[in-house]
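Commentary on secondary and tertiary structure
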Amino acid sequence: MTRRTLLTLVTMGLLAVLPPVFYLTGNPFYLDLATRLTILAIAAVSLNLILGYGGLVSFGHAAYLGLGAYAVGIPAHHWLYGGLEGIGLNTTSGLVQIPLAVAVCALFALVTGAICLRTKGVYFIMITMAFAQMVYYAIVSIEEYGGDDGLVIDSRSELPGISLDDPLQLFALSYVGLVVAMGLVRMIVNSRFGMVLQGAKGNNERVVMLGLNTYAFRLTAYVVSGAIAGFAGALLGNFTTFISPEMMDWTRSGELMFMVILGGATTSAGPVLGAAAFILLEEALSSLTVYWHLPFGLLLIAVVLFGKGGLVGLLSRREGGK
Amino acid sequence: MTPVLETRRLMKSFGGIIATNDLSLSVTKGELHAIIGPNGAGKTTLITQLCGTQTPDSGSIRFKGRDITRMPAHRRARLGITRSFQITSLILEMSVLDNVALAVQARQGSSFDMIRPARSIKAIRDRAMALLARVGLQDKADMITRALSHGEHRHMEIAIALASEAELMLLDEPMAGLGHEESRAMVDLLKSIKGKHTIVLIEHDMDAVFALADRISVLVYGHIIATGAPAEIRGNKEVEAAYLGEESGGL
Ligand SMILES: Nc1ncnc2c1ncn2[C@@H]1O[C@H](COP(=O)(O)OP(=O)(O)OP(=O)(O)O)[C@@H](O)[C@H]1O
Ligand SMILES: [Mg+2]
């Protein structure tokens, strides 16, 4: 077993065991923290597919978290206040809401990705960010869903056999979701599709000359990534029970990028460790000073500049280049 | 017999520079057709138009009788046109074997498969290993491509071109930057391929060109001023004046 595999197993083991133990010993706060961490880790894992393995610096990933959350909140809103009966979207059923979140995000990724992926470099970064801001302003402008003030989710998604009102069960679902997302991304990355994606990151022209339409491969990865992030968004809506456009702000997208880079892009455990470090630091620093953003930002820059390979690189250094 | 490759009155300019000027060329099946010409004559620009990364301003390109002038590069590759790059173009962060395996996989199709682990597909790995053995790099298969020497990179380029099993190989200065010994190894390698594929070879190394070519075209300022067997080109006064005389001090 490589050190990296070991690191992934230890990380996931600790994440499975510690939060429930804290909860059962009378520290529910830590379970909450872990649930938020786990959900953001799913989004970071999905971002890693395109950012890490695909080399596509998408600066709009928070839009998917937001869209996913509103796909839970809006049907729940109509379930309570009426409307949308005609298309059956007045429901609290998770079996409708969660697939809706995934589908909406996949579609959004398909349409915006088709345009973004025609551009390169800084233009790509800017245009992904622009599309995310567009969603932000679209939601702000819709009075019915609270606009700027956000939307309270009065009732969580109902799923057969589990109750998301129970913090432990919500955490369990998020954890399973994270494991599935990690497995999915790992499978894709190691497949023939993944080889093309990583090859195009290293040298796009070379791969095109092999007869492969790299645009189609990138767009597919972009859609898969968006769909997984949409699932994370649906969980996030259930976790916070309050959603607002602010969760799609570009700074949120930046945070997701930092998680991936901080933890170690192109690794399995990286996005999870990055999300963990992010959440714990945010918690620790914000309890020390209200000006916590500054030291936090400096720390992140230091890691990006000097910590080659991120936390995974740091923790499995002795293994060498592989 | 229709030629494998035929261009008619190709034109391409960049701003004021005419890089390709009324260029007509015909390459028959199985021949090794060398294109020589001074620096900046438009050799690489010709290759980019043939493989589809740039489109000509006017004129046409036919591959086995079919007009491909405006076909995108990846589709031309599927039809059977492959190129190697003057400046080494490999995926440096991938292993040597992965680089060649990707080319083999592209040839075999089903690159869209997201489920099976690529490195466990024996047919692809074996074929890639065989190609590496053919260019003498089997011992370096598991190394990161970045770690190999320039000469080894040039050999990898050939292995990748071979992996595509392309009917037409466009080789842009495969000897660029190679030492004397390495160049000779490359000539031997190209000799072993010759006849099995139709090859357009761009090369400054005249010893290599005259050792390998069936026919030679001389490109000057984007225009072909002469085409013929090596012996004819050697004796051509116009060619000597325009190119050979000054470049290599006579032949
Ligand atoms: N993308 C471009 N934009 C502007 N000018 C270009 C471009 N590509 C090539 N040129 C010009 O076109 C001419 C032909 O260039 P090309 O690279 O095809 O020459 P070459 O014969 O391959 O030269 P070399 O032997 O140095 O490789 C040169 O004058 C070059 O400066
Ligand atoms: Mg050139």
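Computed from a predicted structure; not experimentally measured. (Residues numbered from 1 in each chain as written. Chains lettered and ligands numbered in written order. Predicted model: local features only at pLDDT ≥ 70, side-chain atom pairs only at ≥ 80, totals over all residues. Heavy atoms only, no water.)

Attention now goes to the overall build of chain A. Of the regular secondary structure elements, chain A holds 13 helices and 4 strands. In summary, chain A has a C-alpha radius of gyration of 19 Å against a globular reference of 20 Å for 322 residues, a match within 12%. For chain A, the spread of C-alpha atoms along the principal axes amounts to about 55 × 50 × 40 Å. For chain A, with 322 residues in total, the buried portion stands at 53%. Long-range pairs, those at least 24 residues apart, make up 77% of the contacts in chain A with a sequence separation of at least 6. A total of about 13800 Å² of accessible surface is found on chain A, and carbon and sulfur atoms cover 68% of it. (Helix = DSSP H or I, 4+ residues; strand = E, 2+ residues; numbered from the N terminus. Rg over C-alpha atoms; globule rule 2.2 N^0.38 Å. Buried < 20%, exposed > 50% of the residue type's maximum accessible area, 1.4 Å probe, protein only. Contact = heavy atoms within 4.5 Å. Areas by Shrake-Rupley, 256 points an atom, 1.4 Å probe, with all protein chains shown as cover.)

A separate point is the sheet that holds strand 9 (residues 215–220) of chain B. Think of a sheet as strands paired side by side through backbone hydrogen bonds, with each pair either parallel or antiparallel. Residues and elements named next belong to chain B. Sheet architecture is open: 6 strands sit in the order 6-7-8-3-9-10, paired in mixed fashion. The outermost strands of the open sheet, each flanked by one partner alone, are strand 6 (81–84) and strand 10 (223–228). Neighbouring strand axes in the sheet, compared pairwise and without regard to direction, differ in orientation by 20° on average. Two elements, strand 3 (residues 32–36) and strand 9, share 4 bridges in a ladder whose sense is parallel. The residue of strand 9 that forms the bridge with His 33 is Arg 215. (Pairing = 2+ DSSP bridges. Axes fitted to C-alpha atoms, helices over the stretch in contact; angles between N-to-C directions.)

Attention now goes to empty space enclosed by the protein. All names here are of chain A. Overall, the coordinates contain 3 cavities of 30 Å³ or more when judged by the stated rule. Here the largest cavity is characterised by a volume of approximately 60 Å³. Taken together, Val 45, Asn 48, Tyr 53, Met 182, Val 185, Arg 186, Thr 267, Ser 268 and Pro 271 form the lining of the largest cavity. Contributions of two or more residues to the lining of the largest cavity are made by helix 2 (28–53) and helix 6 (167–190). Split by residue class, the lining of the largest cavity holds 5 nonpolar, 3 polar and 1 charged. (1 Å grid on protein atoms, 1.4 Å probe; cavity = no way out; pocket = protein on both sides within 12 Å on 5 of 7 lines; lining within 4 Å. Points joined across faces, edges and corners; volume = space filled by probe spheres on them. Nonpolar A, V, L, I, M, F, W, Y, C, P; charged D, E, K, R; others polar.)

Turning next to the coordination of the magnesium ion (ligand 2). All names here are of chain B. Every protein donor of the magnesium ion (ligand 2) is accounted for by Thr 44 (OG1) and Gln 86 (OE1), and the metal-donor separations fall at 1.8 to 2.1 Å. Placement of the pair is Thr 44 in helix 1 (residues 43–51) and Gln 86 in the loop between strand 6 and helix 3 (96–108), with a sequence separation of 42 residues. Owing to a relative accessible area of 28%, Thr 44 belongs among the partly exposed residues under this scheme. (Donors = N, O, S within 2.8 Å, 3.2 Å for Na, K, Ca; no water.)

Glancing now at the side chain of Ser 89 of chain B. Relative to the assigned elements, Ser 89 of chain B resides in the loop between strand 6 and helix 3. Other than its neighbours up to four places away in sequence, Ser 89 of chain B contacts Asn 203 and Arg 206 of chain A together with Glu 157 of chain B.

What follows deals with helix 1 of chain B. All names here are of chain B. Most of helix 1 is tucked away: 8 of the 9 residues are buried. For helix 1, every residue scored as buried is listed here: Lys 43, Thr 45, Leu 46, Ile 47, Thr 48, Gln 49, Leu 50 and Cys 51. Of the residues flanking the end of helix 1, it is Gly 52, one or two places downstream, whose phi is positive at about 100°.

Let's shift gears to the sheet that holds strand 1 (residues 5–14) of chain B. Residue and element names in this part refer to chain B. Taken in spatial order, the 4 strands of this open sheet run 2-1-4-5, and their pairing is antiparallel. Looking at the sheet topology across the chains shown, the edges are occupied by strand 2 (17–27) and strand 5 (66–67). Relative to strand 4 (residues 58–63), strand 1 is paired through 5 bridges, and the arrangement is antiparallel. Its bridge partner being in strand 4, Leu 5 is matched across the sheet by Phe 63.

For the rest of this paragraph, the subject is the nonpolar core. Leu 178 of chain A together with Ile 158 and Leu 190 of chain B are the most contacted members of the largest nonpolar core, which totals 150 residues. Among the elements that take part in this core, helix 2 of chain A stands out by supplying 16 residues, more than any other. If you count residues domain by domain, this core takes at least three from each of domain 1 (1–80 + 166–251) and domain 2 (90–165) of chain B. Formed by 27 residues, the second largest nonpolar core is a distinct cluster that contains Leu 5, Ala 41, Leu 50 and Ile 202 of chain B. (Core = buried A, V, L, I, M, F, W, Y, C linked by side-chain atoms within 4.5 Å. Domains from an automatic or database assignment.)

Between chain A and chain B, the contact holds 25 residues from the first and 32 residues from the second. Contact between chain A and chain B buries roughly 2700 Å² in total, counting both sides, with carbon and sulfur atoms accounting for 67%. Taken as a group, Arg 192, Arg 206 and Met 209 of chain A account for 33% of the area that chain A buries against chain B, more than any other trio of residues on that side. Put simply, chain A and chain B have 3 salt bridges between them. In this structure, the salt-bridge partner of Arg 206 of chain A is Glu 157 of chain B, at a minimum N-O distance of 3.1 Å. Seen at the junction of chain A and chain B, the total is 12 residue pairs in polar contact (both at pLDDT 80 or more). Ranked by residues supplied to the side of chain A that touches chain B, first place goes to helix 7 (residues 192–202) of chain A with 7 residues. Per-class residue counts for the side of chain A that touches chain B are 13 nonpolar, 9 polar and 3 charged. (Buried area = accessible area lost by both parts, 1.4 Å probe. Salt bridge = Lys/Arg side-chain N within 4 Å of Asp/Glu carboxyl O. Polar contact = N/O pair within 3.5 Å; in protein donor to acceptor, adjacent residues only side chain to side chain.)

A word on the site of ligand 1. Residue and element names in this part refer to chain B. Looking at ligand 1, there are 13 residues lining it, with Gly 40, Lys 43, Thr 44, Thr 45 and Gln 86 nearest. Contact distances for ligand 1 include 3.0 Å between an oxygen atom and a side-chain N or O atom of Asn 39. Between ligand 1 and Thr 45, the relevant distance is 2.5 Å, taken from an oxygen atom to a side-chain nitrogen or oxygen of the residue. For ligand 1, the accessible surface in isolation is 630 Å², of which the surrounding protein chains cover 64%. For the shell around ligand 1, the secondary-structure elements that each account for two or more residues are strand 2 and helix 1. Sort the elements by how many residues they give to the shell around ligand 1 and helix 1 lands first, with 3 residues. Its residues assigned to classes, the shell around ligand 1 shows 4 nonpolar, 7 polar and 2 charged. (Near = heavy atom within 4 Å.)

Residues and elements named next belong to chain A. Along the chain, Ile 39 falls in helix 2. For Ile 39 and Thr 11, which are 28 residues apart along the polypeptide, the C-alpha to C-alpha distance reads 15 Å. Ignoring any residue separated from it by four or fewer positions in sequence, one finds Ile 39 in contact with Ser 174, Ala 232, Leu 235, Leu 236 and Phe 239.

Residues and elements named next belong to chain B. The assigned domain composition of chain B is domain 1 (1–80 + 166–251) and domain 2 (90–165). With centres defined by C-alpha atoms, the gap from domain 1 to domain 2 works out at 26 Å. Listed per partner, the contact involves 20 residues of domain 1 and 13 residues of domain 2. Across the domain 1/domain 2 interface, buried area totals approximately 1200 Å², and carbon plus sulfur atoms make up 61% of it. Looking only at domain 1, the three residues that lose the most surface to domain 2 are Ala 166, Met 186 and Leu 189, adding up to 35% of its buried area. Our count for the contact surface shared by domain 1 and domain 2 stands at 0 salt bridges. At the junction of domain 1 with domain 2, the criterion picks out 5 residue pairs in polar contact (both at pLDDT 80 or more). Contributions of two or more residues to the side of domain 1 that touches domain 2 are made by strand 7 (168–172) and helix 6 (180–193).

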